[in-house]
Amino acid sequence: MTLHAPDVPDRESRPRAAVAMSPDAATAVLDPQSLGAFRRVCELAPLPVLDDLATSRARSVLADVDLLITGWGCPPLDAEVLRAAPRLRAVVHTAGSVRGHVTDACWERGIEVSSAAAANALPVAEYTLGMILLTGKRVLERARDFRVSRTRGNWLRTPRSVGNYRRTVGILSASLIGRRVVELLRPHDVGVLLHDPYVSDADAAELGVERVELPELFRRCDTVSVHTPLLPSTRGLVGRSLIDAMPADAVLINTSRGAVVEQEALTDAVLAGRIRAVLDVTDPEVLPPDHPLWECENALITPHLAGSEGNEWRRLADLALAETTRWASGAGFLHPVRRERLAFLA
């Protein structure tokens with residue numbers, strides 16, 4: 001992702017800003033170089049960051065800010081907080097979802113909101129692509145068998161179900177991440193089906209995919225990757241009937257939220273050896289220590305690592321900095337979050 005921003009505003013016109021997130025999030029996402037760059041764009045309140053907006057120090061800082069740079073662990077910006085921040089006009093979020101801290105009071109005030117969701121979508125899509133290709137080739141299972149046997153065996157007897165040529169991949173939801181996965185799949189010899197009730201046939205054709213209804217997605221695909229946000233309407237969306245309709249040895253990949261998938265139904269199918277699963281999220285978020293999927297060879301469980309981590313945090317900071325620079329110059333956000341779109345966002 002290449003980020004472009006307008007010129008840094010003059011010192012006299014720089015907005016006053018503060019960082020509101022957990023100390024751990026600030027340490028991870030905002031390294032000294034990033035903080036220095038923010039200070040060239042805005043008058044940044046001195047650290048430590050604001051992780052409790054009810055303290056006397058927080059109220060003193062809030063009284064003078066035009067902009068909040070938020071992140072994981074930011075407390076809710078409710079009506080009481082906003083009364084303490086009469087000048088606040090914008091929120092730049094250094095992570096994806098703003099549901100945890102941007103409240104109705106913010107929208108009613110007319111506060112502008114930006115999110116780094118577009119930047120955070122990239123590593124999730126990369127993880128997804130990697131898992132699609134690895135599971136298609138059955139890399140993890142074959143590496144495990146190789147480690148045990150220490151012999152290659154007769155590779156010319158590899159089952160024809162192994163490999164990625166002309167596999168059919170299903171994408172559940174044309175979200176930022178889902179669309180990026182579609183883009184990453186284009187160079188590969190796979191067919192891509194999409195289910196998203198808000199995407200038309202014409203939109204799907206523009207994306208280069210075939211739009212299908214939900215049951216057909218699960219019935220036809222060798223791999224289904226879940227990218228729908230967790231909303232009241234999507235909780236348990238991937239239930240037993242859909243899971244049971246998947247072809248034998250199909251793969252379910254979930255990088256969205258665990259509760260989108262009915263955990264018990266998925267567990268039954270995986271334990272029975274009918275399908276395989278790659279789960280970066282589960283329901284609950286960490287399965288109990290005695291859960292059978294931990295020891296199941298047909299399941300790969302990763303610790304919610306698909307999103308930005310390590311050096312990928314810098315991408316979040318860079319996008320937030322570009323958004324802050326645009327807003328401070330009067331150009332407006334390139335990645336705004338709209339209240340009317342919240343029902344479709346993670």
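Given the structure is predicted, the values throughout are model-derived calculations rather than measurements. (Residues numbered from 1 in each chain as written. Predicted model: local features only at pLDDT ≥ 70, side-chain atom pairs only at ≥ 80, totals over all residues. Heavy atoms only, no water.)

**Quick look at the nonpolar core**
Reasoning step 1: One finds Val19, Leu30, Phe38, Leu44, Leu67 and Ile69 to be the most contacted residues of the largest nonpolar core, which totals 29 residues.
Reasoning step 2: At seven residues, the largest contribution of residues to this core is made by helix α13 (residues 313-329).
Reasoning step 3: Once residues lying within four places of it in the same chain are set aside, the contact partners of Val19 are Leu30, Leu44, Val49, Leu50 and Ile69.
Reasoning step 4: Listed in part, the 28 residues of the second largest apolar core include Leu172, Val238, Leu242 and Ile243. (Core = buried A, V, L, I, M, F, W, Y, C linked by side-chain atoms within 4.5 Å. Buried < 20%, exposed > 50% of the residue type's maximum accessible area, 1.4 Å probe, protein only. Helix = DSSP H or I, 4+ residues; strand = E, 2+ residues; numbered from the N terminus. Contact = heavy atoms within 4.5 Å.)

**Overview of the packing of helix α6 (residues 117-136) against α13**
The axes of two packed helices give the description: the angle between them and the distance between them.
Reasoning step 1: Where α6 meets α13, the axes come as close as 8 Å, and the angle between the chain directions of the two elements is 155°. Accordingly, the angle class assigned to the pair α6 and α13 is roughly antiparallel. In this structure, the crossing between α6 and α13 has a hand that is right-handed. For the pair α6 and α13, the contacting residues are Ala118, Ala119, Asn120, Leu122, Pro123 and Glu126 in the first and Arg315, Leu316 and Leu319 in the second.
Reasoning step 2: Partitioned by chemical class, the residues of the contact of α6 with α13 number six nonpolar, one polar and two charged. (Axes fitted to C-alpha atoms, helices over the stretch in contact; angles between N-to-C directions. Parallel < 35°, antiparallel > 145°, perpendicular 65-115°, else oblique. Left-handed = near helix turned anticlockwise from the far one by under 90°. Nonpolar A, V, L, I, M, F, W, Y, C, P; charged D, E, K, R; others polar.)

**A closer look at the environment of Leu156**
Reasoning step 1: Assignment of secondary structure puts Leu156 in the loop between α7 (139-149) and β6 (168-172).
Reasoning step 2: Residue classification places Leu156 among the exposed residues on the basis of a relative accessible area of 64%.
Reasoning step 3: Placed 111 residues apart in sequence, Leu156 and Thr267 show a C-alpha to C-alpha distance of 33 Å.

**Describing unusual backbone geometry**
Reasoning step 1: Going from Leu47 to Pro48, the amide bond is cis rather than trans, its omega being 10°.
Reasoning step 2: Along the polypeptide, Pro48 turns up in the loop between β2 (43-44) and α3 (56-62).
Reasoning step 3: Residue Pro284 is bonded to the preceding Asp283 through a cis peptide linkage, with omega at 5°.
Reasoning step 4: If you trace the backbone, Pro284 turns up in the loop between β11 (276-279) and β12 (299-301).
Reasoning step 5: Phi at Arg166 is positive, roughly 60°, even though this residue is not glycine.
Reasoning step 6: As for its position among the elements, Arg166 is in the loop between α7 and β6.
Reasoning step 7: Classification of Arg166 as exposed rests on a relative accessible area of 63%.
Reasoning step 8: The backbone of His304 sits at a positive phi, close to 50°, despite the residue not being glycine.
Reasoning step 9: Locating His304 in the fold gives a position in the loop between β12 and α13.

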